[in-house]
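Observations on the three-dimensional arrangement
One letter stands for each residue in the lines below.
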Amino acid sequence: MRMFSAIVSSAILAAGFAGAGPAVADDSIKIGEISSYSAIPAFTEPYRKGWQLALDEINAAGGVDGKKLEVISKDDSGKPADAVTAANELVASDGVAMLAGTFFSNIGLAVSDYANQKKILFLAAEPLTDAITLSKGNRYTFRLRPGTYEQAAMLADEAAKLPAKKWATIAPNYEYGQSAVAAFKKLLSAKRPDVEWVGEQWPPQGKIDAGAVAEAIAKTEPDAIFNVTFGADLVKLVREGATRGLFKDRAVVSLLAGEPEYLDPLKDEAPEGWIVTGYPWNAVSIPDHAAFLKAYEAKYNDYPRLGSVVGYAMLKSAAAILGKADSADSEKLVDAAEGIGVETPFGPITFRAIDHQSTLGAFVGKTALKDGKGVMVDVAYHDGAPYLPSDAEVKAQRPQN
Amino acid sequence: MSFYFVQFVTGLSSACSLFLVASGLSIIFGVTRVVNFAHGAFYMLGAYIGYTLTDRLSGVVGFWGAIALGALAVAAIGTLIEMLLLRRIYDAPELFQLLATFGVTLVVEDLVLLIWGPSELLGPRAPGFTGAIDLFGQPFPTYDLLLIALAPLVLAFLWLLFRRTTWGVLVRAATQDREMVAALGVNQKWLFTSVFALGVFLAGLGGALELPREAANHTMDLQVITEALVVVVIGGLGSVPGTFLAAIIVSELNAFGILVFPKISIVLVFLVMAIVLIVRPWGLLGRAEAAARAASGMVLSRWRPLRAEGRLFAVLALAVAALLPLVAGSYLVGVATEVLIFMLYAASLHFLLAGGGLASFGHAAYFGLGSYGAAIALKACGLGMETAIVAGTVLGLVGALVFGWFCVRLSGVYFAMLTLAFAQIAWSIAYQWTDVTGGDNGIIGVWPSAWAASPARFYWLTLALSAGGIALLRAITFSPFGYALRALRDSTLRAETIGIERRRVQWMGFVIAGAFAALAGALYAFLKGSVFPDNISISLSIDGLVMVLLGGVGTVSGGIVGAAIYRSLSIWVISHTDYSKLVLGALIVLLVVLFPKGLVGAFEAWRSVRTLAGLHRQNP
Amino acid sequence: MSILVVEELGKSYSGFQAVRDVSFVLEAGEMLALIGPNGAGKSTCFNMIDGQLAPTTGRMAIFGKSTAGMTPGDIWRLGVGRTFQVAATFASMTVAENVQMALLSHHPRRWPALRWAARYHVAEAERLLALVGMTDQAQRSCGELAYGDLKRLELAIALANDPKLLLMDEPAAGMATRERHALMGLTGRIARERTIGVLFTEHDMDVVFGHADRVLVLNRGTLIAEGAPAAVRANAEVQAVYLGAGSLYGARS
């Protein structure tokens, strides 16, 4: 009888799954989109708004090759395994032409490997890990955002100009933090052989014991600090560090801290004078950005975050690839995507054929307080291209098909 | 020297903030024996409600009023949940309350998101405690000093409350002898409710008091719950001073540990817990649990093998399952494969938990070892899929052999927490040992051999191995060994008196359960094509418990039904909404209230009533 | 030969002396009662003899073997059966399976993991259940038995290892008077037939004096009297203890 009830319940569920696929018109092109909406909503919500805006614009302009573009969006609840399930549903059940999205690096890698196995194009939007285009790169995966190495390199350029000789690092204890610190150390030491690395702290992501970490770093008496923590950890570190005088008379270089997602929650306690990568949404002088900003504010009555730009650029790239290939065949899509140029709010970008990385760049500037809010000043946009690995480096690291 | 003093005081302030939340958990467990998983959710609610109130009320009175009101509001919510939910299930098997509070946690997480939005919310600093004072030449936050003063006050208050008031005496008496207190005419219901309210108040207070230190955010609950639980266990269950001591030890070890090993934080509390439990099986200040509570409140029904009718259904079910790929698309087949894998995983935990009375909070360790063993064998050693699956199973078996040897020396919640500690240690190894495991970026490219690559074929392979595994587990359950394991569950006293060696038999049971979980994990690696530390995560261990408890811990194989339903549901819900936690949590709460014996347990009870009624009709 | 020798046995819990200098012997086939008011230390004595508690002082030997350091399981394997004050049985098994479980444990062999346990020692279990008069209940669920039946089942379990010594802590507690006499009569008969030595405690003095060959009286952890039932009954000190603690005979005698 136990078995019987199992059969009945699974039959009911199976019926539920079978009927799950939404009914869609045949004359549309479907893109499967996956991101960590429930796990990290602070960053994925603006991202979703970004691609929805792009979707509206594309369809208002007649779609792709006269066909309406449709995005089927799935949550991965922050787990790689669930992301693969979602990818499988999108590909096998919904019949999407390509996959796009993902936030966390490990989820990006899992979906990238799935895409490689199933031979379907995957446009990774947010994952920062360099492995996705280099050591674990594959024919079917493209990545939009500048990776950890690129952003660390942009900051290392600025850091090299500082007089500081003794450096300490604080980074979350996982791959992103580790590769960011490794890249920054390598690049800064190369430019400034006189630099000395005096201390490092590796708090677990999301669980920083900020007081103890701040004291431990202060004890090593560095001239400057390289910080990779973000989100709730960054808030705690900034508060504790400020109260304990950790940042007094010290230069701080911090990855991502200039992104509105991370800077805004700090309100009037946002640090001043930190050198950061980020997105100064109200101080961007790129012409394409003005149109994007206007449309975004009109649609959502809110300002864009960096995620919004990524989401927007992701869908524009996807549309460009689909338009250029003029086919839903994966091989043709990949061929079309290699070397394709796309207009984004940050200006034109190219997806390099050699490593499938886009040349989207990032803004580097200094944090400041203005009207009780953290902002970025002295901003400069760094195009990604000069910071990307050379052809020889790519060939050495990326598996060749 | 002054640095070390400041670091010590810094550690102390962390300890105090940890103690505030853990003390409530300790009280609730000590009296009601409920492992309140929702404690972290209440802590988070304290921070969010506190944030809203501090935003509205200003000034010194406003700020502290907001903190107090926030904690009280959380206590009110907690009281409501206790009265509406927990009261209905105090008589259900132990751990069932854990399931209910887990459901509450899921619901709260999504409600917080809906009410307060996704961004982190930074509250104001505490008026009068915004700056730092000079401590041996180093600036030290005055707010941290306030916390250091507050925690001992709370400790003293609790001590007086329990030792010097009538209420406290009654509560302690209820802890030791519920019937006697009931016989004295004391309303035990309200005693429990008041204790729960006090515990939740402390959680809310702990959360609200964090506002000047950190932004209210969505992951606060899960960050704090494991740590608080670990501290309570290290201190000794139900001992508030023990909790205080443990909080200090853990925080100071962290404060000084990171000076030598900057990466230690990720695993430190679990290492400390494992060592403490191995040396002192009841925590630092805890006492031996009076009697094994395994059987209390749990009506032990008779277990029997499937009869002819049941076997027929099993065969039919298997036949229907085998035909699935002929009618279903590859996505559905993939989902079915995943469900089958989780049925095997749940069956292995069910074998241990229901069949042996051993509640493992860390069963994912063996699932994960199976995954990693298979992935490493395939990618690093270049073995084929078939050998890799065997290798994964063997790695899980060996892991269970090692960890189990320590675990079976303990019992009850301490056993559960040691399994959790080992699972977290295994997790942190997978997370940190990048050269072998790939760290958090995992191992990718773990795909089946060509002959089994199509979804249908991999499904059939999984069906064969899962069904075989489940059948084998059932056969073991009814073998002399399974009887010995169950005898120990039913009555440890009697079993040991007739010469059954508890540790050896339970160790064997642990290893068998671990090996089958590892087989499931190895299959999972090939289904997903990749392996990540997630495969060893606490949430996977909890999923296992949820599946077993939903199915019914008093049944022979309820876990597999629980797994089929819960896993299918969660895949379906995640695919259809971003608020999957809200839906799943509400469903769990509902099922817990409707079916306190689990789904299969309820079904069996219903059927036996019907059978009896039928007999009465035949023999008037 | 004495099957159980207890010498100067003592147990103290953090200063409290629960049992002090208790010495006695038990012969094969003998029914020996250990009596005393509540809290006299009877259960403590039982738990030390069957290995659940380690004595603080003194020695014990069963069948001539010292039991120092032995677990309850070790003592069971020597050939000792035990019943508890509160019946301890396996509630998720049938009555027959309870006995079979004990038989499986008694016949050590490499348990083939995959044969059904319920198929082992069927005849032997039936015989033991017949002995205690529970044949017709063999297939009932243990969880639904009346308390008196549980006590009889415990006796059957205790007999499964063919013991030569039975330790019975209040075997008839919770039973009606007639049942008590029946159970102890049954125990006495089995003990004589198989020359089993029985050490038991019992509150009902009618039962004690009706079935015991010899009686030990324990008060505040110390043996105060020992001898044939009639002699113990007449002992002034015993009378004083029981009169002080309530009534030795009750209105019935």
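Residues numbered from 1 in each chain as written. Chains lettered and ligands numbered in written order. Predicted model: local features only at pLDDT ≥ 70, side-chain atom pairs only at ≥ 80, totals over all residues. Heavy atoms only, no water.

1. Notes on the interface of chain B and chain A
- Of the residues lining the interface, 93 residues belong to chain B; the matching set on chain A comes to 73 residues.
- Here chain B meets chain A over a buried area of about 7300 Å², counting both sides, of which 59% is carbon and sulfur.
- Taking the shortest distance from any N to any O, the salt bridge between A:Arg244 and B:Asp144 comes out at 2.9 Å.
- At twelve residues, the largest contribution of residues to the side of chain B that touches chain A is made by helix H23 (residues 558-576) of chain B. (Contact = heavy atoms within 4.5 Å. Buried area = accessible area lost by both parts, 1.4 Å probe. Salt bridge = Lys/Arg side-chain N within 4 Å of Asp/Glu carboxyl O. Helix = DSSP H or I, 4+ residues; strand = E, 2+ residues; numbered from the N terminus.)

2. Here we look at the pairing of strand E4 (residues 57-62) of chain C
Residue and element names in this part refer to chain C.
- Bridge count for strand E1 (residues 2-13) against E4 is five bridges, and the pairing is antiparallel. Its bridge partner being in E4, Val5 is matched across the sheet by Ala61.
- Here two bridges tie E4 to strand E5 (residues 65-66), and the two strands are oriented antiparallel to one another. Bridge pairing in E5 places Ile62 opposite Lys65.
- Connecting E4 to the antiparallel partner E5 that follows it, the hairpin turn spans two residues, and Phe63 within it adopts a positive phi of roughly 50°. (Pairing = 2+ DSSP bridges.)

3. As for a nonpolar patch on the surface
- Together, B:Val390, B:Val394, B:Leu397, B:Val398, B:Leu401 and B:Val402 make up an exposed nonpolar region whose accessible area comes to about 450 Å².
- Summarising the element assignment, B:Val398 is placed in helix H15 (residues 385-407). (Patch = residues over 30% accessible without salt bridge, like charges linked within 9 Å, V, L, I, M, F, W, Y side chains within 5 Å. Areas by Shrake-Rupley, 256 points an atom, 1.4 Å probe, with all protein chains shown as cover.)

4. Concerning the sheet that holds E4(C)
Residue and element names in this part refer to chain C.
- What the four strands build is an open sheet, ordered E2-E1-E4-E5; its pairing is antiparallel. Only two strands of the sheet have a single partner each, and these edge strands are strand E2 (16-27) and E5.
- Running over the sheet, helix H1 (residues 42-49) touches E1, E2 and E4 and is turned about 120° from E1. (Axes fitted to C-alpha atoms, helices over the stretch in contact; angles between N-to-C directions.)

5. A word on the pattern of salt bridges
- Summed over all chains, the structure comprises 47 salt bridges over all chains.
- Note that C:Asp169 is salt-bridged to C:Arg82, the shortest N-O span being 3.7 Å. Of the two residues, C:Asp169 is situated in the loop between strand E7 (165-168) and helix H6 (177-194) and C:Arg82 in strand E6 (residues 80-83); the sequence distance between them amounts to 87 residues. Residue C:Asp169 shares its accessibility class with C:Arg82, and that shared class is buried.
- Among the charged side chains, a network of salt bridges with common partners joins A:Glu215, A:Glu240, A:Arg244, B:Asp144, B:Glu210 and B:Arg213. (Buried < 20%, exposed > 50% of the residue type's maximum accessible area, 1.4 Å probe, protein only.)

6. Description of the packing of helix H5 (residues 142-164) of chain B against helix H10 (residues 240-260) of chain B
Residue and element names in this part refer to chain B.
- For the pair H5 and H10, the least separation of the axes is 10 Å and the interaxial angle reads 165°. The orientation of H5 with respect to H10, classified from their angle, is roughly antiparallel. Between H5 and H10 lies a crossing whose hand is left-handed. Side by side, H5 and H10 meet where Ala151, Pro152, Leu155 and Leu158 of the first sit next to Val240, Pro241 and Phe244 of the second.
- Of the residues belonging to the contact of H5 with H10, the class tally is seven nonpolar, no polar and no charged. (Parallel < 35°, antiparallel > 145°, perpendicular 65-115°, else oblique. Left-handed = near helix turned anticlockwise from the far one by under 90°. Nonpolar A, V, L, I, M, F, W, Y, C, P; charged D, E, K, R; others polar.)

7. Comments concerning the sheet that holds strand E3 (residues 31-35) of chain C
All names here are of chain C.
- Strand order in the open sheet formed by six strands is E6-E7-E8-E3-E9-E10, and the pairing between neighbours is mixed. Each end of this open sheet is capped by a strand with a single partner; those strands are E6 and strand E10 (222-227). Direction aside, neighbouring strands of the sheet carry axes that sit 15° apart on average.
- Sheet topology places strand E9 (residues 214-219) next to E10; five bridges connect them, and they run antiparallel. In the strand pairing of E10, Leu218 is matched with Leu223.
- Along the sheet, helix H2 (residues 72-79) makes contact with E6 and E7, crossing E6 at roughly 125°.
- Lying over the sheet, helix H5 (residues 147-158) contacts E6 and E7, oriented at roughly 165° with respect to E6.

8. Focus on the domain arrangement of chain A
Residue and element names in this part refer to chain A.
- Looking at chain A, the domain boundaries give domain 1 (2-147 + 287-360) and domain 2 (149-281 + 362-387).
- The centre of domain 1, based on its C-alpha atoms, is set 30 Å off from the matching centre of domain 2.
- Contacts between the two partners involve 22 residues from domain 1, matched on the other side by 20 residues from domain 2.
- Interface of domain 1 and domain 2: buried area, both sides summed, is about 1900 Å²; carbon and sulfur atoms make up 56% of it.
- Considering only the surface of domain 1 that becomes buried against domain 2, Phe43, Tyr303 and Phe346 emerge as the three largest contributors, covering 28% of it.
- In this assembly, domain 1 and domain 2 are joined by one salt bridge. (Domains from an automatic or database assignment.)

9. A look at the packing of H5(B) against helix H6 (residues 166-176) of chain B
Residue and element names in this part refer to chain B.
- With their axes 5 Å apart at the nearest point, H5 and H6 run at an angle of 80° to one another. The orientation of H5 relative to H6 falls into the category roughly perpendicular. From H5, Leu161, Phe162, Arg163 and Arg164 reach across to H6, where they touch Thr166, Trp167, Gly168, Val169, Val171 and Arg172.
- Residues of the contact of H5 with H6, tallied by class, amount to five nonpolar, two polar and three charged.

10. Some points on helix H1 (residues 2-32) of chain B
Residue and element names in this part refer to chain B.
- With 31 residues, H1 extends 44 Å between its outermost C-alpha atoms, agreeing within 8% with the 45 Å of an ideal straight helix rising 1.5 Å per residue.
- Within H1, the axis deviates most sharply at Leu20, by approximately 30°.
- With 27 of its 31 residues buried, H1 lies for the most part within the structure.
- Just downstream of H1 lies Arg33, where phi reads positive at about 60°. (Expected span 1.5 Å × (residues − 1). Bend = angle between axes of the 7 residues up to and from the residue.)

11. Concerning the pairing of E6(C)
Residue and element names in this part refer to chain C.
- Across the two faces of E6 the burial is the same, with Val80 and Arg82 and Gly81 and Thr83 all buried.
- The pairing of E6 with E7 spans four bridges and is classified as parallel. The residue bridging Thr83 from the neighbouring strand is Met168, located in E7.

12. What to know about the interface of chain C and chain B
- Taken residue by residue, the interface counts 34 residues in chain C and 30 residues in chain B.
- Both sides of the chain C and chain B interface together cover about 2600 Å² of buried area, and 66% of this is carbon and sulfur.
- For the interface between chain C and chain B, the tally reads one salt bridge.
- Notably, a salt bridge pairs B:Arg494 with C:Glu154, separated by 2.5 Å at the nearest N-O pair.
- At the junction of chain C with chain B, the criterion picks out 14 residue pairs in polar contact (both at pLDDT 80 or more).
- Counting only elements with at least two residues in the side of chain C that touches chain B, the list comes to H2, E6, helix H3 (95-106) and H5 of chain C.
- Among the elements that take part in the side of chain C that touches chain B, H3(C) stands out by supplying five residues, more than any other. (Polar contact = N/O pair within 3.5 Å; in protein donor to acceptor, adjacent residues only side chain to side chain.)

13. Things to note about the environment of A:Leu69
Residue and element names in this part refer to chain A.
- Assignment of secondary structure puts Leu69 in strand E2 (residues 68-75).
- Exposure remark for Leu69: the relative accessible area of 1% places this residue in the buried category.
- With 250 residues separating them in the primary sequence, Leu69 and Ala319 have C-alpha atoms 8.0 Å apart.
- If near-sequence neighbours (up to four positions away) are discounted, Leu69 is found in contact with Ile29, Ile31, Leu55, Ile58, Asn59, Val64, Leu315, Ala319 and Leu322.

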